[in-house]
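Coordinates in review
Each chain, letter by letter, is given below.
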Amino acid sequence: KEGWKKSLNESTKSNLKKYLNSDYMLYNHFKRIFEYKLKQFGTNKMNSELQNLAETTADMTKSCSVTAEDNAALRGDSAWWGPGLVGYKVTGGVAEECRLMVMAELKFVDRIREKQRGELHVKTGEKKGPASK
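Let me begin by describing the structure that accompanies this report. These numbers were taken from a predicted model, which means no experiment stands behind them. (Residues numbered from 1 in each chain as written. Predicted model: local features only at pLDDT ≥ 70, side-chain atom pairs only at ≥ 80, totals over all residues. Heavy atoms only, no water.)

So, about the overall build of the protein. On a plain count of helices and strands, the protein comes out with five helices and two strands. Put simply, the protein runs from its N terminus to its C terminus through helices and strands in the order α-α-α-β-β-α-α. With 133 residues in all, the protein has 10% of them scored as buried. Restricting to contacts in the protein with at least 6 residues of sequence separation, those with at least 24 account for 38%. Accessible surface for the protein amounts to roughly 11,900 Å². Of this, 56% is attributable to carbon and sulfur atoms. (Helix = DSSP H or I, 4+ residues; strand = E, 2+ residues; numbered from the N terminus. Buried < 20%, exposed > 50% of the residue type's maximum accessible area, 1.4 Å probe, protein only. Contact = heavy atoms within 4.5 Å. Areas by Shrake-Rupley, 256 points an atom, 1.4 Å probe, with all protein chains shown as cover.)

Listed below in structure tokens is the structure:
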């Protein structure tokens, strides 16, 4: 949360680093892998990809107005399972992408699975329907 961060003195930082040594080792291992792959991919190409992502995010922000909502107030595909959760509601924009961005995870996964089943049936020539045993 905002304003919660506190500074640690050097002694505490040192003790935490010793205590979390295995975490640091794991982090540093994957950091090295990332840096190697970034070098292979190319820093300029990555910067270009990041710029493209920023532009796409800005475009989506303009076209889809989304607000955080208490999960209890949400209905349909944007409602999550469980109490005390925060979900999102499209308050502007009617594009399918806007609705997909706020869809609850399990509903989204179900949607993807259904689409994949349909594509499989088209490829294999099977009729859609319940899975056969």
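With that settled, consider the packing of aromatic side chains. Under the defined criterion, the tally for this structure stands at zero aromatic pairs. The aromatic ring of Tyr-24 is capped on one face by Lys-17, whose charged end is 5.3 Å from the ring centroid. (Phe/Tyr/Trp six-rings, centres within 6.5 Å; stacked < 30°, edge-to-face > 60°. Lys NZ or Arg CZ within 6 Å of the ring centre and 35° of its normal.)

Positionally, Asp-110 belongs in helix H5 (residues 105–124). A relative accessible area of 46% means that Asp-110 is categorised as partly exposed. Spatially, the C-alpha atom of Asp-110 lies 25 Å from that of Thr-61, the residues being 49 residues apart in sequence.

Quick look at the state of the cysteines now. Taken as a whole and assessed by the stated rule, the structure comprises one disulfide. The disulfide partner of Cys-64 is Cys-98, and the S-S distance across this bridge is 1.8 Å. Its torsion about the S-S bond being -80 degrees, the disulfide of Cys-64 and Cys-98 is classed as left-handed. Remark: Cys-98 occurs in helix H4 (residues 96–102) and Cys-64 occurs in the loop between helix H3 (43–63) and strand S1 (65–70); sequence separation between them is 34 residues. Per residue, the accessibility class of Cys-64 equals that of Cys-98, and both read buried. (Disulfide = S-S within 2.5 Å.)

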